[in-house]
Amino acid sequence: MSQNKKYAFRVFQVENTWKTEITRRMTATKTIVSKSHDGFATEAEATAWGEEALQGFLGKQAERNKRKTEKHLKAKSVAAAIAAESSEFEADSLDDETDEA
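Residues numbered from 1 in each chain as written. Predicted model: local features only at pLDDT ≥ 70, side-chain atom pairs only at ≥ 80, totals over all residues. Heavy atoms only, no water.

Caption draft 1: Here's a closer look at the nonpolar core. Among the nonpolar cores identified, the biggest contains six residues, and these are Tyr7, Phe9, Ile22, Ala53, Leu54 and Phe57. Top element by residues in this core is helix α1 (residues 43-100). It accounts for three residues. (Core = buried A, V, L, I, M, F, W, Y, C linked by side-chain atoms within 4.5 Å. Buried < 20%, exposed > 50% of the residue type's maximum accessible area, 1.4 Å probe, protein only. Helix = DSSP H or I, 4+ residues; strand = E, 2+ residues; numbered from the N terminus.)

What follows is the structure, given as structure tokens:
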């Protein structure tokens, strides 16, 4: 089994074949299956597939998280620039009002 707390894989026998599932820990009591494959002749084949698939799955998740973080940071910087521009505009408006008085 994997040392990762959120994602793992499990191997079990179904009739005469072996099945592997990549699982995700959703809550402390609920686990969901993210990916599965069955029909392996031996437990070793199923375990090998599980280890390989889990590494690929975690790699894809890491890439996805990186893309989402970059997108979030870009949106945050744009929002900060808009807010700074807005506060500059408000400051200029206040300066104009005090000059008129």
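Caption draft 2: Layout of the sheet that holds strand β3 (residues 31-40). On the basis of which strands lie adjacent, the open sheet formed by three strands has the order β1-β2-β3 and antiparallel pairing. Every interior strand has two partners, whereas the edge strands, β1 (7-14) and β3, have only one. Averaged over all pairs of adjacent strands, the angle between strand axes in this sheet comes to 20°, irrespective of strand direction. Note that β1 and strand β2 (residues 17-25) share eight bridges and pair antiparallel. Bridging across to β2, Phe9 finds its partner in Ile22. (Pairing = 2+ DSSP bridges. Axes fitted to C-alpha atoms, helices over the stretch in contact; angles between N-to-C directions.)

Caption draft 3: Representation of the side chain of Glu21 within the structure. Position of Glu21 among the secondary structure elements: in strand β2. Side chain to side chain, Glu21 and Arg10 meet in a polar contact 2.7 Å long. Sequence-distant contacts of Glu21, defined by excluding residues within four places in its chain, comprise Ala8, Phe9, Arg10, Phe12, Val33, Lys35 and Ser36. (Polar contact = N/O pair within 3.5 Å; in protein donor to acceptor, adjacent residues only side chain to side chain. Contact = heavy atoms within 4.5 Å.)

Caption draft 4: How the structure looks around the environment of Thr42. Within the secondary structure layout, Thr42 lies in the loop between β3 and α1. Under the relative-accessibility criterion, Thr42 is labelled partly exposed at 35%. A sequence separation of 29 residues divides Thr42 from Gln13, and the C-alpha atoms of the two residues are 9.1 Å apart.

Caption draft 5: Summary view of the pairing of β2. Adjacent in sequence and paired antiparallel, β1 and β2 are bridged by two residues, among which Glu15 carries a positive phi angle near 55°. Here eight bridges tie β2 to β3, and the two strands are oriented antiparallel to one another. Its bridge partner lying in β3, Arg25 is registered against Thr31. The hairpin formed by β2 and β3 contains five residues between the paired strands.

Caption draft 6: Broad picture of the environment of Thr69. Tracing the sequence through the fold places Thr69 in helix α1. Within the local environment of Thr69, its side chain forms a polar contact with the backbone oxygen of Asn65, the two atoms lying 2.8 Å apart.

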